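# Structural characterization, general
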Amino acid sequence: AGFKFTGLDRRLHVEGAGFYYDYKDKQLSNFIPDVVFGPLVATVNIPKSKVVGAELSATLVPVDGLTLSGGVTYIDSKIKRFLGYDVDGNVADLAGAKFNLAPDWSGSADALYEFPLSGEITGFVGSSITFRSKTSGVIGATSSDYSIKSYTLVDAQIGLKSDNGWRVQLWGKNIFDTYYWSNVNRISDTIVRVAGMPATYGVTVGHRF
């Protein structure tokens, strides 16, 4: 269920929604036992689970050329019935646990300013921020070794575009070089953490036909 709102002479757009998912046999990453290698990472079926959440987004044009937008999402995931294996390969009742890799909160904010340079050329500069709250790489893990901490990333861009479709931009992703993990799991007897991309810069040239 959701809503849409437009105001301020169509300079403000707001959308919101609430949702509920009731899953049967949802597939998530967990463990299966192996007599040689111990618990192995595998995709398993969760008999019963649910997600309750809400999202809100807005776009505002306070002055000509400047666009501000952002959104936030909240989800409360819960396994209702699942007799599986924990990270050590022991049979465990994981009912009540949250989904892995499913942060409660996530959001983003963007700002873009466009300004004319000539009759056909427009300059633009912008930045975006993304946020993820903490989560876990493993279902039902009690050890902090499998926690994925919250993180915030900042991107930026500057460039030119023409009325005939050409566009060139200099961009930077994770410009503050934030160190973060996108996944944590156990492979055999080793805890493996997947680090996100560091600060990255580039130039993109394109044409829209």
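Here, every reference points to the structure presented above.
Residues numbered from 1 in each chain as written. Predicted model: local features only at pLDDT ≥ 70, side-chain atom pairs only at ≥ 80, totals over all residues. Heavy atoms only, no water.

## What about the overall build of the protein chain?
From N to C terminus, the protein chain includes zero helices and 15 strands. Taken over the C-alpha trace, the protein chain has a radius of gyration of 22 Å; the compact-globule value for 209 residues is 17 Å, which it surpasses by more than 25%. In terms of overall dimensions, the protein chain has a C-alpha envelope of 70 × 40 × 30 Å along the principal axes. A total of 209 residues make up the protein chain; the buried ones form 27% of that total. For the protein chain, the share of sequence-separated contacts (at least 6 apart) that also reach a separation of at least 24 residues comes to 56%. Accessible surface, the protein chain: about 12900 Å² in total, of which carbon and sulfur atoms supply 58%. A distance of 5 Å separates the average location of the 20 positive side-chain charges in the protein chain from that of its 20 negative side-chain charges. (Helix = DSSP H or I, 4+ residues; strand = E, 2+ residues; numbered from the N terminus. Rg over C-alpha atoms; globule rule 2.2 N^0.38 Å. Buried < 20%, exposed > 50% of the residue type's maximum accessible area, 1.4 Å probe, protein only. Contact = heavy atoms within 4.5 Å. Areas by Shrake-Rupley, 256 points an atom, 1.4 Å probe, with all protein chains shown as cover. Lys, Arg positive; Asp, Glu negative; His and termini not counted. Charge placed at Lys NZ, Arg CZ, Asp CG, Glu CD.)

## What about the sheet that holds strand β3 (residues 40-60)?
Read across the sheet, nine strands follow the order β1-β2-β3-β4-β7-β8-β11-β12-β15 without closing on themselves; strand pairing throughout is antiparallel. The sheet terminates laterally at β1 (2-7) and β15 (200-207), the two strands that pair on one side only. Averaged over all pairs of adjacent strands, the angle between their axes in this sheet comes to 20°, without regard to strand direction. (Pairing = 2+ DSSP bridges. Axes fitted to C-alpha atoms, helices over the stretch in contact; angles between N-to-C directions.)

## Notes on the nonpolar core
In this structure, Leu 28, Ile 46, Ile 79, Phe 82, Leu 94, Phe 99 and Ile 139 are the most contacted members of the largest nonpolar core, which totals 13 residues. Per-element accounting of this core gives the leading share, three residues, to β3. Leave out the neighbours within four places in its chain, and Phe 99 touches Tyr 23, Lys 26, Leu 28, Ser 49, Lys 50, Val 51, Ser 77, Lys 78, Ile 79 and Thr 135. Counting seven residues, the second largest nonpolar core, distinct from the first, contains Val 87, Tyr 146, Trp 181 and Val 184. (Core = buried A, V, L, I, M, F, W, Y, C linked by side-chain atoms within 4.5 Å.)

## So, the packing of aromatic side chains
All chains considered together, the criterion is met by six aromatic pairs. Relative to Phe 99, the ring of Tyr 23 lies with its centre 6.4 Å away and its plane at 55°, an arrangement referred to as tilted. Pair noted here: Tyr 23 is in strand β2 (residues 12-32) and Phe 99 is in the loop between β6 (91-93) and β7 (105-116), with a separation of 76 residues, a long-range link. By relative accessible area, which is 7% here, Phe 99 ends up buried. Aromatic rings pair up to connect Phe 19, Tyr 21, Tyr 23 and Phe 99 into one cluster. One Lys or Arg, Lys 26, reaches over the ring of Tyr 23 and ends 4.4 Å from the middle of that ring. (Phe/Tyr/Trp six-rings, centres within 6.5 Å; stacked < 30°, edge-to-face > 60°. Lys NZ or Arg CZ within 6 Å of the ring centre and 35° of its normal.)

## Re the environment of Tyr 180
Structurally, the position occupied by Tyr 180 is in the loop between β12 (166-173) and β13 (181-187). Here Tyr 180 is in contact with Tyr 151, Leu 153, Asn 174, Val 194, Ala 195, Gly 196 and Met 197, once residues within four sequence places are set aside.

## Things to note about the side chain of Ser 162
Of note, Ser 162 is situated in strand β11 (residues 151-162). Since its relative accessible area comes to 15%, Ser 162 is described here as buried. Not counting chain neighbours up to four residues away, the residues in contact with Ser 162 comprise Glu 120 and Ile 121.

## Here's the deal with unusual backbone geometry
Phi is positive for Asp 9, which is not a glycine, with a value near 55°. Turning to its location among the elements, Asp 9 is positioned in the loop between β1 and β2. Asp 9 gets classed as exposed once you look at its relative accessible area, which sits at 71%. A positive phi angle is found at Asp 177, which is not glycine, with a value near 55°. Structurally, Asp 177 can be placed in the loop between β12 and β13.

## Remarks on the pattern of salt bridges
Applying the stated criterion across every chain yields a total of seven salt bridges. We note a salt bridge from Asp 88 to Arg 186, for which the minimum N-O separation is 2.9 Å. Of this pair, Asp 88 sits in the loop between β5 (83-85) and β6 while Arg 186 sits in strand β13, placing them 98 residues apart in sequence. Among the ionic pairs, Lys 161 bridges to Glu 114, the shortest N-O distance being 2.7 Å. A residue pair is termed long-range when its members are at least 10 positions apart, and Lys 161 in strand β11 and Glu 114 in strand β7 qualify at 47 residues. Since its relative accessible area comes to 25%, Lys 161 is described here as partly exposed. If you follow the salt bridges from partner to partner, you end up with Asp 22, Lys 48 and Lys 80 in one network. (Salt bridge = Lys/Arg side-chain N within 4 Å of Asp/Glu carboxyl O.)

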